[in-house]
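The lines below spell out each chain.
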Amino acid sequence: MDSPRSFFWVQEYLTPWDYTARAVTRILAYRKTPFQEMLIAETGAYGKGLMLDGHWQSTTVDEFLYHEALVHPALVQVVQAGGIPRRVLVLGGAEGATLREVLRWRSVEQVVMVDIDGEVVAACREHLPEMHQGSFEDPRVQVVIADAFDFLHRTEPVWDVILSDLSDPVEAGPAYRLFTQEFFRQIRSKLQPAGAFVLQAGPTGPVDLWQHTRIVHTLKTVFAAVQPYAIYAPTYGGPLGFALAAQDPISSRPEPEQIDQILSQQLDPARGTLRFLDGITLLGLYQVPAHLRRAIAAETTVYTLDNPPQVE
């Protein structure tokens, strides 16, 4: 498998009628755990990648687009609300790249990462050092192998930021509870008053934006302020949405200079510079296209434990 011509195609279905195909040149790890099917592989164009249950989670070439967008808007929101992001809870995030981005912040004193699948975390630690960059060894980090829903019940309300870095919300299995109104209420109860919550909130393409609109609508029944936004990373085959939620107001038109100043003051230059996110980028992310704004405004479905996300 050393030859560039020696590869096989891995297909990922986006809908029953559409799929993407990526050339895999070498398998680094493969196993079926009690929770999911895992593949870590080298691809022809996008470097190493993690696939769970047939869906790419991240690849080394473009993961920075996802992880910077997931992490930094929430920590910036805490600063803008007058808080200091000291304690951060990460739900999921087996690759360790979310940890890497959180640890850039000078003020962060503690990061707890909760992932249900210890086998996947161990494989990522071994095979994806480009992503975690040693973050698992940082003394501020604690890794807990547990169900995030159960962990939230036990933890104290000390968190300044909670980051939900989980698989797609329509996946069958234990993750469905983590996109419900009941879970979002638990999240809110565990945050400090100036705290912020952000989650990966499903695709935002015209074919399947209903996943995103329902998550955002459900969040709006729990939090006083919700800001949707999206990125495009080629690994995902289309635009992928996020949602930032807080009790304090979230400015949909942040001043780029102010954001740049916060990032300059808060980020440790010894941990490198951001490649994607700055003040202008954040301003652009928060300008939600008209068709998506209208779809969110028209949404009426609330995800609950009795009415959870389903594959459609």
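Attention here is on the structure that accompanies the text. Each chain has its residues counted from 1, running along the sequence as written. Local features are withheld for residues below a pLDDT of 70 in this predicted model, meaning they are given only at 70 or higher, and side-chain atom pairs are given and counted only at 80 or more; totals for whole chains, interfaces and linings count all residues. Side-chain measures here rest on the full set of heavy atoms in the structure, leaving out hydrogens and waters.

## Here's the deal with unusual backbone geometry
Consideration 1: With phi around 50°, Asp53 is a residue other than glycine that occupies positive phi space.
Consideration 2: Strands here mean DSSP runs of E at least two residues long; helices mean DSSP runs of H or I at least four residues long; both are numbered from the N terminus. Along the chain, Asp53 falls in the loop between strand E4 (48-52) and strand E5 (55-59).
Consideration 3: We classify Asp53 as partly exposed; its relative accessible area is 36%.
Consideration 4: Phi at Gln133 is positive, roughly 50°, even though this residue is not glycine.
Consideration 5: Here Gln133 lies in the loop between helix H4 (129-132) and strand E8 (141-145). Note on classification: 1.4 Å probe, protein chains only; a residue is buried when its accessible area is under 20% of the maximum for its type, exposed when over 50%, partly exposed between these limits.

## What about the packing of helix H7 (residues 210-220) against helix H10 (residues 290-298)?
Consideration 1: Each axis is a line fitted through C-alpha atoms, and for a helix only the stretch in contact is used; angles between axes span 0 to 180 degrees, taken between their N-to-C directions. At their nearest, the axes of H7 and H10 sit 9 Å apart, and the two run at 55° to each other. Put simply, H7 runs oblique to H10. In this structure, the crossing between H7 and H10 has a hand that is right-handed. When H7 is examined against H10, the residues His212, Thr213, Val216 and Lys220 are found in contact with a partner set consisting of Leu292, Ala295 and Ile296. Here roughly perpendicular refers to angles of 65 to 115 degrees, roughly parallel to angles under 35, roughly antiparallel to angles over 145, and oblique to all remaining angles. In a left-handed crossing the near helix is turned counterclockwise from the far helix by less than a right angle, and in a right-handed crossing that turn is clockwise. The contact definition used throughout considers only heavy atoms, calling two residues in contact when any of these lie within 4.5 Å.

## Quick notes on H10
Consideration 1: Residues of H10 that are buried: Leu292, Ala295 and Ile296. The arc that holds every buried residue of H10, seen down its axis, measures 100°, which confines them to one face. Residues of H10 that are exposed and point more than 90 degrees away from the buried face comprise Arg294, Ala297 and Ala298.
Consideration 2: Buried residues along H10 sit against H7 and strand E11 (225-233). Directions are taken from the helix axis to each C-beta atom, and the arc is the one they span.

## A look at the pattern of salt bridges
Consideration 1: Take a side-chain nitrogen of Lys or Arg and a carboxyl oxygen of Asp or Glu: if they are within 4 Å of each other, that pair is a salt bridge. All chains considered together, the criterion is met by ten salt bridges.
Consideration 2: The shortest N-O distance in the salt bridge between Glu63 and Arg100 comes to 2.8 Å. Within this pair, whereas Glu63 is found in helix H1 (residues 63-80), its partner Arg100 is found in helix H2 (residues 97-102), the two being separated by 37 residues in sequence.
Consideration 3: For Arg100, a relative accessible area of 6% corresponds to the buried category.
Consideration 4: Between Arg100 and Glu101 there is a salt bridge, and its shortest N-O distance comes to 2.9 Å.
Consideration 5: Relative accessible area serves as the criterion here: at 0%, Glu101 is assigned to the buried category.

So far we have only geometry, and geometry alone does not tell us how the molecule works.
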